[in-house]
Amino acid sequence: MLPPRPSQPLLALVFALALLVALVVPPAQAAEPTLGELAAAKGRYFGSATDNPELTDAPYVAILGSEFNSITPGNSMKWDATEPQRGQFSFARGDEVVALAQRNSQRVRGHTLVWHSQLPGWVSNGGFPATELRSILQNHVTTVATHFKGKLAHWDVVNEPFNEDGTFRDSVFYRTLGQSYIADALRAARAADPAAKLYINDYNTDGLGAKSDGMYNLVKSLKAQGVPIDGVGFQGHLALQYGFPYKMQENLRRFADLGVDVAITELDIRMNLPADATKLATQATWYSDVTKACLAVSRCVGITIWDYTDKYSWIPSVFPGEGAALPYDENLRPKPAYNALRTALGGTPGDPGPTAACAVAYKVESQWNAGFTAAVTVTNRGTTPINGWRLTFAFPGDQKVTQGWNAGWSQTGRDVTAANASWNGTLAAGASASIGFNASYTGTNAAPATFALNGTACRAS
Ligand code: G3I
């Protein structure tokens, strides 16, 4: 039996209600694209390294899983993790990273099969003759690459084979086997996992120079011999105090012209601490410049940062007094570098959202035909006190501050700075400062769109 037909008046009421809902309820705001999505729109990936101990940190894992479309295990696929004793393999931690990536639909860059560091003593101090060491190397590469077969997009097969002058590093492998260990490792990896793109990876090869010439000559000769090599990784461990890599884009391009992919594999940009707004702004420019160099080279397939938050950076323990190298601070809040990355990838600066370090309430209290008074409340949303602050924002129109209070006000063009007064420079966690100004304007008096405190974007509240 057919269900009873709704009456005409009832239908009319349903349509009227539907129309009302469509008119009154605004459409759900489209989420801002993530770094991974922005990179994907350019045919690239944007990834982060991670490490197993960090995976119990839920807020950290949430950003790792949503913002990036590639991850790399920082330690758990290295030789000391996967074959700590001869013939005894252990994949649990590498598997954990792969499983996490699969849950988040991320690709994985495998890192790394053959490296002089984090190499167990049984290999480095074993005193093996060449034939035996070759078979140890081949067995390691074959067993590890077979275990992860089909699950990894890339493998850093050989890591850091060069000295700074472009000669081969004196590792146990080079000492015993000569440079042939590199071709052996690549061939064994290809045989074990034919789908993974095979990379050689190194640092201080980002720009033109002796070390990158060494890498260039190696890759050229491997290609000429038909050795399987698909890509070259440029780690990108940069430091503000040493300058930007020389002609990075040109360098990436010359490798691509050899017929290999290139990737930025371990990007971080450290500075001498303490960080300040100027250094963070320079760092942001560098992140943008690296990204632009990659986007300018069609075979530059993606960028990985060496973890995404200063909370888990390797830098402070290795370079005391240096740090702040990543696009998120220690409290998982985006730094200026994060917005610079977004912009370089073709997006717009992201809404720092509920995790922002600061909140700014901007209120026009009174307005007359050519002027207005605004009250601004700056709140420290972090967990530590802020000692000394500078609030920056830009007027969208021709507004001009004529007089301000409770802060030192200055304006250049549309850019306004309010520096704390002597009595309100310390903002305890959760504390606010109330400041204000009078200004002139013509036309429309629209509010500034974004605010930053000491260079870090704030939530508008
Ligand atoms: O696992 C032990 C732990 O048991 C012990 O309690 C602890 C005490 O120090 O050390 C732990 O090992 C540390 C390991 O990371 C895992 O956390 C090592 O000391 C530490 O040296 C090691 O650092 C790693 C470093 O490689 C080693 O060279 C970093 O996390 C890792 O990010 C870093 O990554 C390298 C790339 O693989 C290659 N390019 C350079 C990059 C930065 O150095």
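1. Focus on the overall build of the protein
For the protein, the count of helices and strands is 14 helices and 22 strands. Counting only C-alpha atoms, the protein reaches 85 × 80 × 40 Å along its principal axes. Buried residues in the protein amount to 51% of all 461 residues. When contacts within the protein are restricted to residue pairs at least 6 apart in sequence, those whose partners lie at least 24 apart make up 75%. Counting every atom, the protein has about 20,300 Å² of accessible surface; 55% of that belongs to carbon and sulfur. Taken together, the 37 basic and 38 acidic charged side chains of the protein have centroids lying 5 Å from each other.

2. A look at the sheet that holds strand β14 (residues 390-394)
Within a sheet, adjacent strands bond to each other through the backbone by hydrogen bonds, running parallel or antiparallel. One open sheet holds the five strands; their spatial order is β16-β17-β14-β20-β21, and the pairing between them is antiparallel. If you trace the sheet from one side to the other, it starts and ends with β16 (407-412) and β21 (456-457), each paired once. Relative to strand β17 (residues 415-420), β16 is paired through six bridges, and the arrangement is antiparallel. Across the sheet, the residue bridging to S410 is T417, located in β17.

3. Some details on the side chain of T265
Along the chain, the position of T265 falls in strand β8 (residues 261-272). Exposure remark for T265: the relative accessible area of 0% places this residue in the buried category. Setting aside chain neighbours within four positions, we find T265 in contact with R109, N201, G233, F234, Q235, T304 and W306.

4. Considering the layout of surface pockets
Considering only enclosed or pocket space, the largest pocket measures out at about 880 Å³ in volume. Lining of the largest pocket is provided by 30 residues; of these, A275, L280, D329, R333 and T456 occupy positions nearest its centre. Of all the secondary-structure elements, those providing two or more residues to the lining of the largest pocket are α12 (277-295) and β13 (386-387). Its residues placed into classes, the lining of the largest pocket shows twelve nonpolar, eleven polar and seven charged.

5. Structural notes on the sheet that holds strand β19 (residues 432-440)
Strand order in this open sheet of five strands is β15-β19-β12-β11-β22, and the pairing throughout is mixed. Among the strands making up the open sheet, the edge pair consists of β15 (400-405) and β22 (459-460). Bridge analysis of strand β12 (residues 371-380) against β19 gives nine bridges, and the strand direction is antiparallel. Of the residues in β19, the one forming a bridge with T377 is S434.

6. Comments concerning the nonpolar core
W155, F173, F255 and I264 are the most contacted members of the largest nonpolar core, which has 95 residues in total. Counting residues per element, this core draws most heavily on helix α9 (residues 180-192), which supplies eight residues. Not counting chain neighbours up to four residues away, the residues in contact with W155 comprise M77, G110, H111, T112, L113, V144, A145, F148, A196, K197, L198 and Y199. C358, V378, A439 and F451 belong to the second-largest nonpolar core, a separate cluster that totals 25 residues.

7. Comments concerning the site of the ligand
N75, K78, H111, E160 and E266 are the nearest of the 14 residues found near the ligand. Contacts to the ligand include H111, whose side-chain N or O atom sits 2.7 Å from an oxygen atom. Interatomic distance of 3.5 Å between a side-chain N/O atom of Q118 and an oxygen atom of the ligand. Taken together, the residues of the shell around the ligand break down into three nonpolar, seven polar and four charged.

8. So, the state of the cysteines
Evaluation of the coordinates by the stated rule reveals two disulfides. Two residues, C358 and C458, share a disulfide whose sulfurs are 1.9 Å apart. Here the S-S torsion is close to -95°, and the disulfide linking C358 with C458 is therefore left-handed. In this pair, C358 is assigned in strand β11 (residues 358-368) and C458 in the loop between β21 and β22, connecting sequence segments 100 residues apart.

9. Details of the pattern of salt bridges
One pass over the structure, following the stated rule, counts 13 salt bridges. Across the pair R333 and D329 runs a salt bridge, and its minimum N-O distance is 3.2 Å. D329 shares its class with R333; the two are buried. Several salt bridges share partner residues, and in doing so they unite E164, D202 and K211 into one network.

10. A word on the environment of V378
Tracing the sequence through the fold places V378 in strand β12. On the basis of relative accessible area, V378 is assigned to the buried category, the value being 0%. Between the C-alpha atoms of V378 and T56, which are 322 residues apart in sequence, the distance is 33 Å.

11. A look at empty space enclosed by the protein
Evaluated as defined, the whole model comprises two cavities of 30 Å³ or more. Roughly 40 Å³ of internal volume is contained in the largest cavity. Taken together, V114, W115, H116, V158, N159, E160, P161, R169, S171, F173 and Y181 make up the lining of the largest cavity. Within the lining of the largest cavity, the residues separate by chemical class into six nonpolar, three polar and two charged. In this structure, the second largest cavity occupies an estimated 30 Å³ of space.

12. With respect to the pairing of β17
Each regular strand shows side chains that alternate between the opposite faces of the sheet. By the bridge criterion, five bridges tie β14 to β17 in an arrangement that is antiparallel. The residue bridging R390 from the neighbouring strand is A419, located in β17.

13. What to know about the domain arrangement of the protein
Examined at the domain level, the protein breaks down into domain 1 (35-353) and domain 2 (356-460). The gap between the C-alpha centroids of domain 1 and domain 2 is 41 Å. Taken together, the contacts link nine residues of domain 1 with eleven residues of domain 2. Note on domain 1 versus domain 2: buried area summed over both sides is about 740 Å², and carbon and sulfur give 55% of it. On the surface where domain 1 and domain 2 come into contact, there are zero salt bridges. Inspection of the region where domain 1 meets domain 2 yields zero residue pairs in polar contact (both at pLDDT 80 or more).

What counts and how
- Residue positions within a chain follow its written sequence, with the count starting from 1.
- Residue-level local features of this predicted model are given only where pLDDT is at least 70; pairs of side-chain atoms are given and counted only at 80 or more, and the full residue set underlies all totals for whole chains, interfaces and linings.
- Only hydrogens and water are set aside; all other atoms, that is, all heavy atoms of the structure, feed into the side-chain values.
- Only DSSP runs of H or I covering at least 4 residues are called helices, and only runs of E covering at least 2 are called strands; the numbering of each starts at the N terminus.
- For every residue, the accessible area obtained with a 1.4 Å probe (protein chains only) is divided by the maximum for its type, and the residue is called buried under 20%, exposed over 50%, and partly exposed between those limits.
- Here a residue-residue contact requires only that any non-hydrogen atoms of the pair lie within 4.5 Å.
- Surface accessibility in these figures is a Shrake-Rupley result with a 1.4 Å probe; residues are shielded only by whichever protein chains are displayed.
- In summary, the charge assignment counts Lys and Arg as positive and Asp and Glu as negative, without counting His or the chain termini.
- Charge positions are represented by NZ for Lys, CZ for Arg, CG for Asp and CD for Glu.
- Pairing between strands requires that DSSP locate at least two bridges from one strand to the other.
- Buriedness for pockets is judged along seven lines, at least five of which must meet protein on both sides within 12 Å for an open set on the 1 Å grid over protein atoms alone, while cavities are sets there where a 1.4 Å probe fits but cannot get out, and lining residues have an atom within 4 Å of a point.
- Grid points are joined across faces, edges and corners, and a volume is the space filled by probe spheres set on the points.
- All residues other than Ala, Val, Leu, Ile, Met, Phe, Trp, Tyr, Cys, Pro, Asp, Glu, Lys and Arg, Gly among them, are scored as polar; the first ten of these are nonpolar and the last four charged.
- Among the buried residues, those of types Ala, Val, Leu, Ile, Met, Phe, Trp, Tyr and Cys that are joined through side-chain atoms within 4.5 Å form a nonpolar core.
- A single heavy atom is enough: if one lies within 4 Å of a molecule or strand, its residue is considered near that molecule or strand.
- We call two N or O atoms a polar contact when they sit within 3.5 Å, provided that within protein one can donate a hydrogen and the other can accept it, with sequence-adjacent residues counted only if both atoms are side-chain atoms.
- By convention in this document, the label disulfide applies to cysteine sulfur atom pairs within 2.5 Å.
- Salt bridges are identified by distance alone: a Lys or Arg side-chain nitrogen within 4 Å of an Asp or Glu carboxyl oxygen.
- Where each domain begins and ends is defined by an automated method or by a domain database.
- Buried area: the accessible surface (1.4 Å probe) lost by two parts on joining, summed over both.

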